[in-house]
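Listed here are the chains, written in short residue letters.
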Amino acid sequence: MIVLCAGAWFALSGGIGKTQNVAEGAFVEASAKAGFRLQNIFVEGREYADPDLLMALINAEKNMPLFKVKPHQIHEALSGISWVKNVSVKRVFPDSLHITLQERQPAALWMNEGRLVVVDDAGYRITTQNLERFESLLIIHGENAPENIGAFLKIVTAVPKVYERLDQAVFVGKRRWDLKLNNKIIVNLPEDNVALALQRLVRAQEKDEVLDKKIKNIDIRQSDRLIIKAYPGAANKSYDYISGSGAPI
């Protein structure tokens, strides 16, 4: 009973943990003397993440015992960086630390309450900092626009005759998109069958160069026609491009 009680006190007081720490410390020092010291840190896959922030979070110094480097702690720290989607951290014996990053890829700039935010194709809000390097990205507007940008980009980038003219896009009513072209024309897309609607627009462009005209709006939400709205003072027109006639109806 005396031995049992003594053992219980030893465990509750942290004596076992202290002994383990002493043993671990001795092992770390012995391994360091045997040459297992950190000499190299390799980081692969970094393009956007701040290198200074990475090194601060890795928090490892040259010549420190390699076994003193804690991969799980580094993994947890780096996972908190907004650019980092996935990360792998491992010691490579006898003297290196290898870190592999999978970064989120910028897909668009979301205008939210007057402020631009870089988002990826899954809608993840990445950063509002250093936006000058992302000025070529499409600017999107509207609630839930980030969550829908991935599917939208897959469709519209497959239609270069439209995409190359695209300046901004607005997610309307949480269900469909309006395109703002670089010549100020607004194109109303349908909720469904967007790819087919864009092909109708391409055919209209090939036949009548509608995207080069001085018009205000092209509505392609109806499956059998394009409704072209001119600026005030000009007559509105509706064209049927499904039949291939191109004639006003």
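Right, let's walk through the structure included here. Per-chain numbering applies: the sequence of each chain, read as written, is numbered from 1 onward. For this predicted model, a pLDDT threshold of at least 70 governs which residues receive local features, and a threshold of 80 or more governs which side-chain atom pairs are given and counted, while totals over whole chains, interfaces and linings are taken from all residues. Water and hydrogen atoms were dropped before computing side-chain values, which therefore reflect all heavy atoms in the structure.

### Some points on the overall build of the protein
Helix and strand counts for the protein come out as seven helices and 13 strands. Accessibility here uses a 1.4 Å probe with only protein chains present; expressed as a share of the type maximum, an area under 20% marks a residue as buried, one over 50% as exposed, and anything in between as partly exposed. Here the protein, with 249 residues, has 38% of them falling under the buried criterion. Contacts are residue-level and defined by heavy atoms, with any inter-residue pair within 4.5 Å sufficient. Long-range pairs, those at least 24 residues apart, make up 47% of the contacts in the protein with a sequence separation of at least 6. Areas reported here follow the Shrake-Rupley algorithm with a probe of radius 1.4 Å; residue values treat only the protein chains shown as occluding. Working note: accessible area of the protein is about 14700 Å², and carbon and sulfur atoms make up 52% of it. Helix and strand assignments follow DSSP, with helices taken as H or I runs no shorter than four residues and strands as E runs no shorter than two, numbered in order from the N terminus.

### Some thoughts on the nonpolar core
For the purposes of this section, nonpolar cores are sets of buried Ala, Val, Leu, Ile, Met, Phe, Trp, Tyr and Cys residues that join through side-chain atoms within 4.5 Å. If you look at the biggest cluster of nonpolar residues, it comprises 36 residues, and the most contacted ones within it are Ile 140, Phe 152, Leu 179, Leu 198, Leu 201 and Ile 218. Contributing elements (two or more residues each) for this core: β4 (108-112), β5 (115-119), β7 (138-141), α5 (145-156), β8 (166-172), β9 (176-181), α7 (194-208) and β12 (226-229). Of the residues forming this core, the biggest block, six residues, is contributed by α7. Not counting chain neighbours up to four residues away, the residues in contact with Leu 201 comprise Val 162, Val 187, Val 210, Leu 211, Ile 218, Ile 220 and Leu 226. Leu 38, Ile 58, Leu 66 and Leu 97 belong to the second largest nonpolar core, which has 25 residues in total.

### As for helix α3 (residues 51-58)
In protein, a polar contact means a hydrogen-donor-capable atom and an acceptor-capable atom, both N or O and within 3.5 Å, with residues adjacent in sequence counting only if both atoms are side-chain atoms; elsewhere, any N or O pair within 3.5 Å suffices. The residue sitting at the N-terminus of α3 and contributing the capping side-chain oxygen is Asp 50; that oxygen lies 2.9 Å from the backbone nitrogen of Asp 52. Positive phi shows up at Asn 59, right after α3, with a value of about 50°.

### Regarding the pattern of salt bridges
We define a salt bridge as a side-chain nitrogen of Lys or Arg found within 4 Å of a carboxyl oxygen belonging to Asp or Glu. With the rule as written, the count across this model stands at nine salt bridges. A salt bridge links Asp 120 to Arg 104; the nearest nitrogen and oxygen atoms lie 3.9 Å apart. Of this pair, Asp 120 sits in the loop between β5 and β6 (125-127) while Arg 104 is found in the loop between β3 (96-103) and β4, placing the two residues 16 residues apart along the sequence. With relative accessibility at 14%, the residue Arg 104 sits in the buried group.

### Comments concerning the packing of α3 against helix α4 (residues 71-78)
Between two packed helices, what matters for the description is the angle formed by their axes and the separation of those axes. Axis definition: a line fitted to C-alpha atoms, over the contacting stretch in the case of helices. Angles run 0 to 180 degrees between N-to-C directions. At a minimum axis separation of 9 Å, α3 and α4 run at an interaxial angle of 145°. Along this stretch, α3 crosses α4, giving a crossing that reads as right-handed. Across from Leu 54, Leu 57 and Ile 58 in α3, the residues of α4 making contact are Ile 74, Ala 77 and Leu 78. The nonpolar class holds Ala, Val, Leu, Ile, Met, Phe, Trp, Tyr, Cys and Pro. Asp, Glu, Lys and Arg form the charged class, and all remaining residues, Gly among them, are polar. The residue makeup of the contact of α3 with α4, split by class, is six nonpolar, no polar and no charged. Should the near helix be turned anticlockwise from the far one by less than a right angle, the crossing is termed left-handed; should it be turned clockwise, right-handed.

### Quick notes on the environment of Val 118
Secondary-structure assignment places Val 118 in strand β5. It is 8.8 Å that separates the C-alpha atoms of Val 118 and Leu 137, two residues lying 19 residues apart in sequence.

### Section: the sheet that holds strand β2 (residues 84-92)
By definition, two strands form a pair when at least two bridges between them are found by DSSP. Taken in spatial order, the three strands of this open sheet run β1-β3-β2, and their pairing is mixed. Of all strands in the sheet, those bounded by a partner on one side alone are β1 (40-44) and β2. Within the sheet, the average angular offset between the axes of one strand and its neighbour, ignoring direction, is 15°. α3 rests against β1 and β3 of the sheet, and its axis sits at about 130° to β1. On the sheet, α4 packs against β2 and β3 and is oriented at approximately 160° with respect to β2.

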